[in-house]
Amino acid sequence: MASAPFLLVVIVSETGLRTTLVARLSMAGADMLTADNLSDPRLARYGSRPMVLIADEAAVSSHEGGVAALAADPRWARLVLISPEAPPAGKYPHLVHIERAGAAALEALLPEWQTLDAAR
């Protein structure tokens, strides 16, 4: 039985950037969910699917434990952090750092994410 396709979870506070990301990524065929924060109860419904979190610095900094806690959270097969500052290289192997100006390039990563499974 084939596994469910990955789900992109977008938690980005800036409305224009969030709208642009959702439009571009959904037009590229991604299954999307937008949320206001990491405590959104809808996230629990997708526990068996591989999930990729795309979050901005505001979402990460408001989450208790920040990047380290997100990296340890088994829900996320990949983490994409949109911020001007990258975490230390190699510390979080499933983290992709991208600056705001390059966020539109995320659709190039979609084929790689097709191979994700629930375990990382």
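In case you missed it, the structure is sitting above this.
Here the structure is a predicted model, which means the values were calculated and not measured.

Trainee: I'd like a description of the environment of Ala 44, backed by residues and values.
Mentor: The topology assignment puts Ala 44 in the loop between strand S2 (31-34) and strand S3 (51-56). By relative accessible area, Ala 44 is classed as exposed at 65%. Taking C-alpha positions, Ala 44 is 24 Å from Glu 14, a pair spaced 30 residues apart along the chain.

Trainee: Summarise the pairing of strand S4 (residues 76-82); cite the residues concerned and give the values.
Mentor: Within a regular beta strand, the side chains point alternately toward one face of the sheet and then the other, so they alternate between its two faces. Within S4, 6 of the 7 residues are buried, which leaves the element mostly enclosed by the surrounding structure. Relative to S4, S3 runs parallel, the two sharing 6 bridges. Within the sheet, the bridge partner assigned to Ala 55 lies in S4 and is Leu 81. Two elements, S4 and strand S5 (residues 95-98), share 4 bridges in a ladder whose sense is parallel. By the bridge assignment, Ile 82 is partnered in S5 with Ile 98.

Trainee: Give me the lowdown on the packing of aromatic side chains, citing residues and values where you can.
Mentor: This model, assessed by the stated rule, comprises 1 aromatic pair. Look at Phe 6 and Trp 113: their rings are 6.1 Å apart centre to centre, the planes differ by 75 degrees, and that puts the pair in the edge-to-face class. Taken together, the residues span a long stretch of sequence, with Phe 6 in the segment before strand S1 (7-11) and Trp 113 in helix H4 (residues 110-113) at a distance of 107 residues. Accessibility assignment for this pair places Phe 6 and Trp 113 in one class, buried.

The rules behind each value
Residues numbered from 1 in each chain as written. Predicted model: local features only at pLDDT ≥ 70, side-chain atom pairs only at ≥ 80, totals over all residues. Heavy atoms only, no water. Helix = DSSP H or I, 4+ residues; strand = E, 2+ residues; numbered from the N terminus. Buried < 20%, exposed > 50% of the residue type's maximum accessible area, 1.4 Å probe, protein only. Pairing = 2+ DSSP bridges. Phe/Tyr/Trp six-rings, centres within 6.5 Å; stacked < 30°, edge-to-face > 60°.

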